[in-house]
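The lines below spell out each chain.
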Amino acid sequence: MLDIYKLGDDVLREPCARVAKFDNALAMLTDAMFETMIEADGVGLAAPQVGISQRFFVVDTRREGERIAFFNPEIIETSDDNVPYEEGCLSIPGLYHDVMRPSRVTVQAQDINGKSFTLQASGLLARVIQHENDHLDGKLFIDRLDDKEKEKMTALWQKKQKKDQKKRKNK
Ligand code: NI
């Protein structure tokens, strides 16, 4: 299990560097990310969330064929619509909010061996790809909300942090 970094940690705000070496260490790290994500009951996990500032993420929507790792991904096409969907994030646990995004995307990426592939996604998979891809640019789902809603979420997070701290102290 890898440690998951949380809102407030600098690594979540840095733009990530491209993956250059597709070696055994990367394969092992990717496996560990899949395990960590599933253990945490998430559907996606990006490298910066485990403290690694590199452009890759893993996805498992629990649907057949939708357990995928994306290296150096680029979203090359999005649909013209903009639809709401309630998002959460393993780096901001306990907070959820509707976020507007296109419902379909085409993504180009490399697989674990560095081989290029193109994927068209819709539904939950399209949603998770966009959310995780944002992480690689240091962006979180709360940044996609309007200022007022973002402030509300940030305040909620700070309140929750204080509560958790108190709980830890009392143990
Ligand atoms: Ni996230």
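Here is a short report on the structure shown in this document. (Residues numbered from 1 in each chain as written. Predicted model: local features only at pLDDT ≥ 70, side-chain atom pairs only at ≥ 80, totals over all residues. Heavy atoms only, no water.)

The final tally for this structure, using the stated rule, is zero disulfides. Not engaged in a disulfide, the cysteine C16 finds its nearest cysteine sulfur in C89; these two sulfurs lie 13 Å apart. Given the relative accessible area of 9%, C16 is considered buried. Residue classification places C89 among the buried residues on the basis of a relative accessible area of 10%. (Disulfide = S-S within 2.5 Å. Buried < 20%, exposed > 50% of the residue type's maximum accessible area, 1.4 Å probe, protein only.)

To continue, consider helix α2 (residues 123-135). With 13 residues, α2 extends 19 Å between its outermost C-alpha atoms, agreeing within 8% with the 18 Å of an ideal straight helix rising 1.5 Å per residue. Within α2, 12 of the 13 residues are buried, leaving the element largely enclosed by the surrounding structure. (Helix = DSSP H or I, 4+ residues; strand = E, 2+ residues; numbered from the N terminus. Expected span 1.5 Å × (residues − 1).)

The protein atoms that coordinate the nickel ion are C89 (SG), H131 (NE2) and H135 (NE2), at distances of 2.1 to 2.2 Å. In primary-sequence terms, the residues that donate to the nickel ion follow C-x41-H-x3-H. Within this pair, H131 and its partner H135 are both found in helix α2, separated by four residues, close to a single helical turn. For the pair formed by H131 and H135, the shared burial category is buried. (Donors = N, O, S within 2.8 Å, 3.2 Å for Na, K, Ca; no water.)

Let us look at the packing of aromatic side chains. Using the criterion set out here, one finds four aromatic pairs in the structure. Aromatic pair F56 and F71: ring centres 5.2 Å apart, planes at 20°, arrangement stacked. Remark: F71 occurs in strand β3 (residues 67-78) and F56 occurs in strand β2 (residues 56-60); sequence separation between them is 15 residues. Taking the relative accessible area as the measure of exposure, F56 reaches 0% and is therefore buried. For F71, a relative accessible area of 0% corresponds to the buried category. Ring geometry for F70 and F117: centres 5.7 Å apart, planes at 45°, overall tilted. Placement of F70 in strand β3 and of F117 in strand β7 (residues 116-122) is noted, with a sequence separation of 47 residues between them. Assessed through its relative accessible area of 0%, F70 is described here as buried. Overall, the relative accessible area of 21% leaves F117 in the partly exposed class. Members of the aromatic cluster, each reached through a chain of ring pairs, are F22, F56 and F71. Over the ring of F34 we find R67, and its NZ or CZ is 4.0 Å from the ring centre. (Phe/Tyr/Trp six-rings, centres within 6.5 Å; stacked < 30°, edge-to-face > 60°. Lys NZ or Arg CZ within 6 Å of the ring centre and 35° of its normal.)

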